Amino acid sequence: MTNDPLVEIGRTPLNVAINVGIRTGLLGLIQGQSGSGKSVLGNNLVVGLIQRLRGEIQIAVIDPKRVSFNWLTPRAHVYTNETDWLTLLQSFVSEMDRRYAHMEEHGLETFPISPERPFLLLVIEEMSAVTNNQRLLKKEREQLQTLLIDYSNRCRQCAMGLLIICQSCDSNTMPTVIRSNCSTRFALKTSGQEQVKMIAQGREEECPCDLLTLPGQFYALTSETNGRWVKGRTKLTTLEERKSIIQQYATDKRTPYCLKWDSDEFLG
């Protein structure tokens, strides 16, 4: 892994960089109401990781809105069809099991990443549209949540990550354990004190995100903020800017083994 894989996600009012690191993995949660800039912040984080890690990161995106991440297809695997989501999560959990088996066999505590065995990031855009999708059977929705709990519990140590983007992180949107596992958090403009409580987890005074007024403003808690919530604002990049950047990294795109579903040798 790159020695210093930090991604600048925004700046404080004093123009100090706010960084996100993945040295200990990435379990991230972005919450904000419609129009707050949460998708743009998520886009900026993904682009920053691609720029920093190049071929050492591969990305799969679940995008039920079909428009938030389709610009990323030259560099990432984007899944907009709900019939693919369960297979994708099963594949990621199977890959996680294989990586832990490799670590056990070689006496490793962490999984060493390389272009051949990259850091794998799963991005879920608009979580409620995934977990509450009525086009999926009830048992499929339940299985999705079960797999996500398992994945969020164990992915960090084996060089796999999770980024969830949502309007609300309440228990109707995601199991509480998943929210609790997300140690990297971004709270954008939200309505109501209950939403503040859920994202801030008892530290509402440090994270008054209901008082934010501008798109892209946020409060952040990351591995690089010394255990404190800090206020900042992300760059409001345009779609054309993001497309231009991502084309420069298209040659770094690979299809990880766990996503080669059509291969005769695929094991799940």
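No experiment lies behind these values; they were computed from the predicted model shown.

Trainee: Can you walk me through the side chain of Glu125 in this structure?
Mentor: Looking at the secondary structure, you find Glu125 in strand β6 (residues 119-125). According to the relative accessible area criterion, Glu125 is buried, its value standing at 0%. For Glu125, the residues in contact, after removing those within four places along its chain, are Ser39, Ile62, Asp63, Pro64, Lys65, Ser68, Phe69, Val130 and Ile165.

Trainee: Whenever I open this one, the pattern of salt bridges confuses me. Can you help?
Mentor: Pairs can form between side chains of opposite charge whenever their charged atoms are close. Applying the stated criterion to the full structure yields 11 salt bridges. Among the ionic pairs, Asp97 bridges to Arg154, the shortest N-O distance being 2.7 Å. Of this pair, Asp97 sits in helix α2 (residues 82-106) while Arg154 sits in helix α4 (residues 138-154); the two residues are 57 residues apart in sequence, bridging distant segments of the chain. A relative accessible area of 27% places Arg154 in the partly exposed class. One salt bridge in this structure joins Glu206 and Arg203, with 2.9 Å as the shortest N-O distance. Taking the relative accessible area as the measure of exposure, Arg203 reaches 28% and is therefore partly exposed. Look at the salt bridges and you will find they share partners, linking Glu95, Arg98 and Arg99 into a network.

How each quantity is defined
- Counting restarts for each chain, with residues numbered from 1 along the sequence as it is written.
- This being a predicted model, a pLDDT of at least 70 is required before a residue's local features are given, and a value of 80 or more before pairs of side-chain atoms are given or counted; all residues contribute to the totals for chains, interfaces and linings.
- Hydrogens are left out, water is left out, and the side-chain values use all remaining heavy atoms of the structure.
- A helix here means a DSSP run of H or I that spans at least four residues, while a strand means a run of E at least two residues long, and both kinds are numbered starting from the N terminus.
- Relative accessibility decides the category of a residue: with a 1.4 Å probe and only protein chains considered, values under 20% of the type maximum give buried, values over 50% give exposed, and everything between is partly exposed.
- Whether two residues are in contact is decided by their heavy atoms, any of which lying within 4.5 Å being enough.
- The working definition used for a salt bridge is a side-chain nitrogen of Lys or Arg within 4 Å of a carboxyl oxygen of Asp or Glu.

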